[in-house]
Amino acid sequence: MFPLGVLKKKEITGIVLNIPFINNGVTDTSGRHVINNTNVAVPGLVGIFHTAFLQVLSNLSDFNLQRDFDFTFKFNHEQAAWTEYPLFSIYGADGSSITGVYTSSNRIGVKVKTKNTEALQTVYSANNTYTEGVYADYKFERRGSTLSVYFNNVLVITVALPTDFSDVSRNFRLGTDAVGTYRAYGHFDDFNYVIY
């Protein structure tokens, strides 16, 4: 007779969220997530975010921030930002968050907070990173305790991440912050989230 061991659930790796904005709709083609669409228009092959956003409703453990990941997408800023407009936000009930933003002076930035009691850390790129009305490639890449942001394949931000993100399921929103107060204004395309 063989002893029974404890079966451990296999960790998910690879593309776990893919939103190509095709076929006049918003669907995660990885099949892992249900997505709630708040006013995002998809008249053709892009998602138009005019104070609109998407929220992932299922498999929130995919956003627990325990492993390396990449967010890649294209974004077209339709107008100059006069305040911080979030491109995406990952946030938990523990007060943790990682938010990608774009702001005035054509800058992009990252905001990081690991828990309720911690101060928010914000790091911006140099001025004039993006051009209004032009699509750009974005990549937010976590490797160990470093979060790197690439703009059109050029490294523009490096953030030292704390190593004490709690292992909790986190929410994910594309096009807004955690409370939905500030929202992106522009066009998203080819959004991918990969876990390593």
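Please refer to the structure higher up on the page.
Source: prediction; values computed, not measured.

Caption draft 1: Broad picture of the overall build of the chain. Of regular secondary structure, the chain possesses 0 helices and 14 strands. The secondary structure elements of the chain, listed N-terminal to C-terminal, are β-β-β-β-β-β-β-β-β-β-β-β-β-β. Oriented by its inertia axes, the alpha-carbon framework of the chain measures out at about 70 × 40 × 30 Å. Within the chain, buried positions represent 48% of all 196 residues. Excluding contacts between residues fewer than 6 apart, the proportion of contacts in the chain whose partners are at least 24 apart in sequence is 59%. Total accessible area on the chain stands at roughly 9500 Å², and carbon and sulfur atoms take up 53% of it.

Caption draft 2: Representation of the sheet that holds strand 6 (residues 85–91) within the structure. Overall, antiparallel pairing links the 7 strands, which are arranged 2-4-13-6-7-8-9 in an open sheet. Pairing within the sheet leaves two strands with one partner each, and these edge strands are strand 2 (35–38) and strand 9 (121–124). With strand direction ignored, the average angle separating the axes of adjacent strands in the sheet is 15°. The sheet contact formed by strand 8 (residues 107–113) and strand 9 spans 4 bridges and is antiparallel. Across the sheet, Lys 111 pairs through a bridge with Thr 122, a residue of strand 9.

Caption draft 3: Region of the structure containing unusual backbone geometry. Despite not being glycine, Asn 59 shows a phi value in the positive range, around 50°. Residue placement: Asn 59 occurs in the loop between strand 4 (53–56) and strand 5 (69–77). Its relative accessible area of 34% is what places Asn 59 among the partly exposed residues. Positive phi, normally seen in glycine, also occurs at Asn 106, with a value near 55°.

Caption draft 4: Local environment of the side chain of Asn 106. For Asn 106, the position within the fold is in the loop between strand 7 (97–103) and strand 8. When its relative accessible area of 15% is taken as the criterion, Asn 106 is described as buried. Not counting residues within four places of it along the chain, the set of residues in contact with Asn 106 comprises Asn 127, Asn 128, Thr 129, Tyr 130, Thr 131 and Glu 132.

Caption draft 5: Fine view of the packing of aromatic side chains. Scanning all chains against the criterion turns up 24 aromatic pairs. Ring geometry for Phe 73 and Phe 140: centres 6.2 Å apart, planes at 15°, overall stacked. You can see Phe 73 sitting in strand 5 and its partner Phe 140 sitting in strand 10 (residues 135–143), a full 67 residues away along the chain. Among the residues examined, Phe 73 registers a relative accessible area of 2% and is labelled buried. Above the face of the Tyr 124 ring, Arg 107 is positioned so that its terminal group lies 4.3 Å from the ring centre. Above the face of the Tyr 150 ring, Lys 139 is positioned so that its terminal group lies 5.9 Å from the ring centre.

The rules behind the values
Residues numbered from 1 in each chain as written. Predicted model: local features only at pLDDT ≥ 70, side-chain atom pairs only at ≥ 80, totals over all residues. Heavy atoms only, no water. Helix = DSSP H or I, 4+ residues; strand = E, 2+ residues; numbered from the N terminus. Buried < 20%, exposed > 50% of the residue type's maximum accessible area, 1.4 Å probe, protein only. Contact = heavy atoms within 4.5 Å. Areas by Shrake-Rupley, 256 points an atom, 1.4 Å probe, with all protein chains shown as cover. Pairing = 2+ DSSP bridges. Axes fitted to C-alpha atoms, helices over the stretch in contact; angles between N-to-C directions. Phe/Tyr/Trp six-rings, centres within 6.5 Å; stacked < 30°, edge-to-face > 60°. Lys NZ or Arg CZ within 6 Å of the ring centre and 35° of its normal.

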